[in-house]
Amino acid sequence: GYSNSSQTLHVMDRGQSLQVATRQMSGLLRTSKHSIDIAAEAKCLEVSEDNSLIFIGGGGDNPSGLPTVSAVQFDKGMALVTEQILEVDGLNIVFSMIRHQSGNILFAGGYGHVVILFFNGLAVDVLGVLGKDASSDDPVLDLRLLGNKLFILCQPSRKMQVVTLPDKGAGGGQANFRSVP
């Protein structure tokens, strides 16, 4: 059978000196309030704005899976801070994640959706969802930000979308989508 004890998370701290923290991820399961196997379901990582947390995205790669984003302390103890099940229709896993440079705003990609999240220091909240106009039915395997443009790569369709995010000073507004041939 599958053994999550073989999954190890290595953390490197780029402070004054290089430090490496290693933790068997199966230990994170014991602190999950939803009894989610964070270790077995981890698919992607992102670091918080202040480099104190790691955000772990994942879920079950099946129709009944629960898409999750967890925040874990970025130190040798690597304690679970919070976890959030993303209740978005049709989304059962988080394959990719990227943080916006202006704070702990995260973009999390799964099947057919990109979810916009905010970590407020205690919890992960869903701010919005970029639906099928911004991706496809395929998994969103990679996300990249360049200025106010979010690039979304879906496979196996090889579809790439570019989402133009509203400027800070524009007073909000809609994101604009376009496909890249």
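Residues numbered from 1 in each chain as written. Predicted model: local features only at pLDDT ≥ 70, side-chain atom pairs only at ≥ 80, totals over all residues. Heavy atoms only, no water.

**Focus on the pairing of strand β13 (residues 159–164)**
Bridging between strand β12 (residues 149–154) and β13 involves six bridges; their strand directions are antiparallel. The partner of Phe 151 across the bridge, within β13, is Val 162. Taking the residues between adjacent antiparallel strands as the criterion, β12 and β13 are bridged by four residues, where Arg 158 takes a positive phi near 65 degrees. (Pairing = 2+ DSSP bridges. Helix = DSSP H or I, 4+ residues; strand = E, 2+ residues; numbered from the N terminus.)

**Quick notes on the packing of aromatic side chains**
One pass over the structure, following the stated rule, counts two aromatic pairs. Seen from their ring centres, Phe 55 and Phe 119 are 5.4 Å apart, and the 70 degrees between their planes marks the pair as edge-to-face. Taken as a pair, Phe 55 in strand β4 (residues 53–58) and Phe 119 in strand β9 (residues 114–119) lie far apart in primary sequence, 64 residues in all. Relative to Tyr 111, the ring of Phe 95 lies with its centre 5.4 Å away and its plane at 80 degrees, an arrangement referred to as edge-to-face. Of this pair, Phe 95 sits in the loop between β6 (80–85) and β7 (96–99) while Tyr 111 sits in the loop between β8 (105–109) and β9, placing them 16 residues apart in sequence. Exposure remark for Tyr 111: the relative accessible area of 25% places this residue in the partly exposed category. (Phe/Tyr/Trp six-rings, centres within 6.5 Å; stacked < 30°, edge-to-face > 60°. Buried < 20%, exposed > 50% of the residue type's maximum accessible area, 1.4 Å probe, protein only.)

**What about the sheet that holds β4?**
Strand pairs in the sheet, formed through backbone hydrogen bonds, run parallel or antiparallel to each other. Strand order in the open sheet formed by four strands is β3-β4-β5-β6, and the pairing between neighbours is antiparallel. Here the strands that pair on one side only, and so sit at the sheet edges, are β3 (42–47) and β6. Taking the axes of each pair of neighbouring strands and ignoring which way they run, one obtains an average angle of 20 degrees across the sheet. Pairing of strand β5 (residues 68–73) with β6, which is carried by five bridges, proceeds in the antiparallel orientation. (Axes fitted to C-alpha atoms, helices over the stretch in contact; angles between N-to-C directions.)

**Some details on the sheet that holds β8**
Taken in spatial order, the four strands make up an open sheet running β7-β8-β9-β10, and their pairing is antiparallel. Of all strands in the sheet, those bounded by a partner on one side alone are β7 and β10 (124–130). With direction set aside, neighbouring strand axes in the sheet form an average angle of 25 degrees. The pairing of β9 with β10 spans six bridges and is antiparallel. By the bridge assignment, Val 114 is partnered in β10 with Leu 130.

**Section: the nonpolar core**
One finds Phe 55, Val 69, Leu 86, Val 94, Met 97, Leu 117 and Phe 119 to be the most contacted residues of the largest nonpolar core, which totals 16 residues. Listed by contribution, the elements that provide at least two residues to this core are β4, β5, β8 and β9. Within the second largest apolar cluster, 13 residues are counted, among which are Leu 130, Leu 150, Ile 152 and Leu 165. (Core = buried A, V, L, I, M, F, W, Y, C linked by side-chain atoms within 4.5 Å.)

**Concerning the confidence of the model for the chain**
When pLDDT is averaged across the chain, the result is 76; 65% of the residues are at 70 or more. Mean pLDDT across the elements of the chain bottoms out in strand β14 (residues 176–180) (46) and peaks in β7 (96). For the stretch residues 1–6, pLDDT sits under 50, and the model shows nine contacts to residues farther than four places along the chain or on other chains. Between residues 177–181, whose pLDDT stays under 50, and residues either more than four places distant or in other chains, the model counts 13 contacts. (pLDDT = per-residue confidence, 0-100. Contact = heavy atoms within 4.5 Å.)

**Section: the side chain of Glu 46**
Relative to the elements of secondary structure, Glu 46 occurs in strand β3. Buried and unpaired, Glu 46 has Arg 99 as its nearest opposite-charge partner, separated by 4.7 Å. Of note is the side chain of Glu 46, whose polar atom sits 3.1 Å from the backbone nitrogen of Arg 99. (Lys, Arg positive; Asp, Glu negative; His and termini not counted. Salt bridge = Lys/Arg side-chain N within 4 Å of Asp/Glu carboxyl O. Polar contact = N/O pair within 3.5 Å; in protein donor to acceptor, adjacent residues only side chain to side chain.)

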